[in-house]
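As a plain string of letters, each chain reads:
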Amino acid sequence: TGEPIIDLEEKVVDNDGVERYFLISKVPMRHLKTDEIVGLVGVTTDITSVKEIQRALRQSQESLNQFQLRLKALNQITLALTRLETLDELVYQSVQYAIDLLGFSRLNCWFINPDHPDQLMGTYWVIMMAKLFLHTMMCFHSTYLNRLNE
């Protein structure tokens, strides 16, 4: 066309199927008196590593965005769970939030003795598939059950 091409990005697939990216600039050389094109000056720069870094940066940003959304959801869930009054409500809502808001298929709740944080009072776990409870179990240690019954 006789027009310069400046900073054109091109993807090239080599014989091994590996994608490479190049930044290309081409300018026609013209005869001073006739303005006829007599040659071409070009510069090609391999920018494959730059493209890979850009792709990694985009993926990292997407991961960060997903993490921030999950962190926000966890904060909202934590606030909602602190307002519940009964153990039944806590267990039920924990499962619902984990499935509906976080997309979990498994959940395990550990109940820690507030008087002795190194002691486990009980556990509750559930495994879900297609919103059906496959397995569920709740157990409390006998010392805690005795305290509940007092």
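Keep in mind it's a predicted model, so treat the numbers as computed, not measured.

Conventions and cut-offs
Residue positions are given per chain, counted from 1 along the sequence in the order it is written. Where local features are concerned, this predicted model is filtered to residues with pLDDT of at least 70; where side-chain atom pairs are given and counted, the filter is 80 or more; whole-chain, interface and lining totals use all residues. Side-chain figures throughout are based on the complete set of non-hydrogen atoms in the structure, without hydrogens or water. Under the DSSP-based scheme used, a helix requires at least four consecutive residues in state H or I and a strand at least two consecutive residues in state E, with every element numbered from the N terminus. Relative accessible area decides the class of each residue, using a 1.4 Å probe on protein chains only: under 20% of the type maximum gives buried, over 50% gives exposed, and in between gives partly exposed. Note on contacts: a residue pair qualifies if any of its non-hydrogen atoms lie within 4.5 Å across the two residues. By definition, two strands form a pair when at least two bridges between them are found by DSSP. All axes here are fitted lines through C-alpha atoms, helices being fitted over the stretch that makes contact, and every angle between N-to-C directions spans 0 to 180 degrees. Any Lys or Arg side-chain nitrogen located within 4 Å of an Asp or Glu carboxyl oxygen qualifies as a salt bridge. Residues are called lining when one of their atoms sits within 4 Å of a cavity or pocket point, these points coming from a 1 Å grid over the protein atoms alone, where a cavity is a set in which a 1.4 Å probe fits but cannot get out and a pocket is an open set with protein on both sides within 12 Å along at least five of seven lines. Grid points are joined across faces, edges and corners, and a volume is the space filled by probe spheres set on the points. Each residue is assigned to one class: nonpolar for Ala, Val, Leu, Ile, Met, Phe, Trp, Tyr, Cys and Pro, charged for Asp, Glu, Lys and Arg, and polar for all the others, Gly among them. Given the number of residues in a helix, its expected span is that number minus one, multiplied by 1.5 Å. What the arc measures is the spread of directions leading from the helix axis to the C-beta atoms. Any pair of N or O atoms that falls within 3.5 Å is considered a polar contact. Within protein, one atom must be able to donate a hydrogen and the other to accept it, and sequence-neighbouring residues count only if both atoms are side-chain atoms.

A. Highlighting the overall build of the chain. Secondary structure summary: the chain contains 3 helices and 6 strands in total. The order of α-helices and β-strands along the chain, N terminus first, is β-β-β-α-α-β-β-β-α. When the 150 residues of the chain are sorted by exposure, 19% land in the buried category. In the chain, 25% of the contacts between residues at least 6 apart in sequence involve partners at least 24 apart.

B. Spatial organisation of the sheet that holds strand S2 (residues 19–30). Pairing is antiparallel in the open sheet, where 3 strands are placed in the order S1-S2-S3. The sheet is open, and its two edges are formed by strand S1 (5–13) and strand S3 (37–46), each paired on a single side. Strand-to-strand twist in this sheet, taken as the mean axis angle between neighbours without regard to direction, amounts to 30°. Here 9 bridges tie S2 to S3, and the two strands are oriented antiparallel to one another. Within S3, the position partnered with Leu23 by the bridge is Thr45. Along the sheet, helix H1 (residues 48–82) contacts S1, S2 and S3; its crossing angle with S2, the most-contacted strand, is approximately 130°.

C. Layout of the pattern of salt bridges. By the definition in use, this model includes 4 salt bridges. As a salt-bridge pair, Lys51 and Glu9 come within 2.5 Å of each other at their nearest N and O atoms. Here Glu9 lies in strand S1 and Lys51 lies in helix H1, a separation of 42 residues in the sequence. Residue Glu19 is joined to Lys11 by a salt bridge in which the shortest nitrogen-to-oxygen separation is 3.4 Å. Since its relative accessible area comes to 37%, Glu19 is described here as partly exposed.

D. Local environment of the pairing of S1. Relative to S2, S1 is paired through 7 bridges, and the arrangement is antiparallel. In the strand pairing of S2, Glu9 is matched with Leu23. Two successive antiparallel strands, S1 and S2, enclose a turn made up of 5 residues, where Gly17 displays a positive phi of approximately 85°.

E. Summary view of the layout of surface pockets. Computed from the structure, the largest pocket encloses a volume of approximately 180 Å³. Every residue lining the largest pocket is listed: Leu74, Ile77, Leu81, Leu90, Ser94, Tyr97, Ala98, Leu102, Phe104, Leu107, Asn108 and Cys109. Mapped onto the lining of the largest pocket, the elements with two or more residues apiece are H1, helix H2 (87–100) and strand S4 (106–112). Taken together, the residues that form the lining of the largest pocket break down as 10 nonpolar, 2 polar and no charged.

F. Representation of H2 within the structure. The terminal C-alpha atoms of H2, which comprises 14 residues, lie 20 Å apart, in line with the 20 Å expected from a rise of 1.5 Å per residue. Among the residues of H2, those classed as buried are Val91, Ser94, Val95, Ala98 and Ile99. Across the axial projection of H2, the buried residues extend over an arc of 115°, all falling on one side. Capping the start of H2 is the job of one residue whose side-chain oxygen sits 3.1 Å from the backbone nitrogen of Glu89: Thr86.

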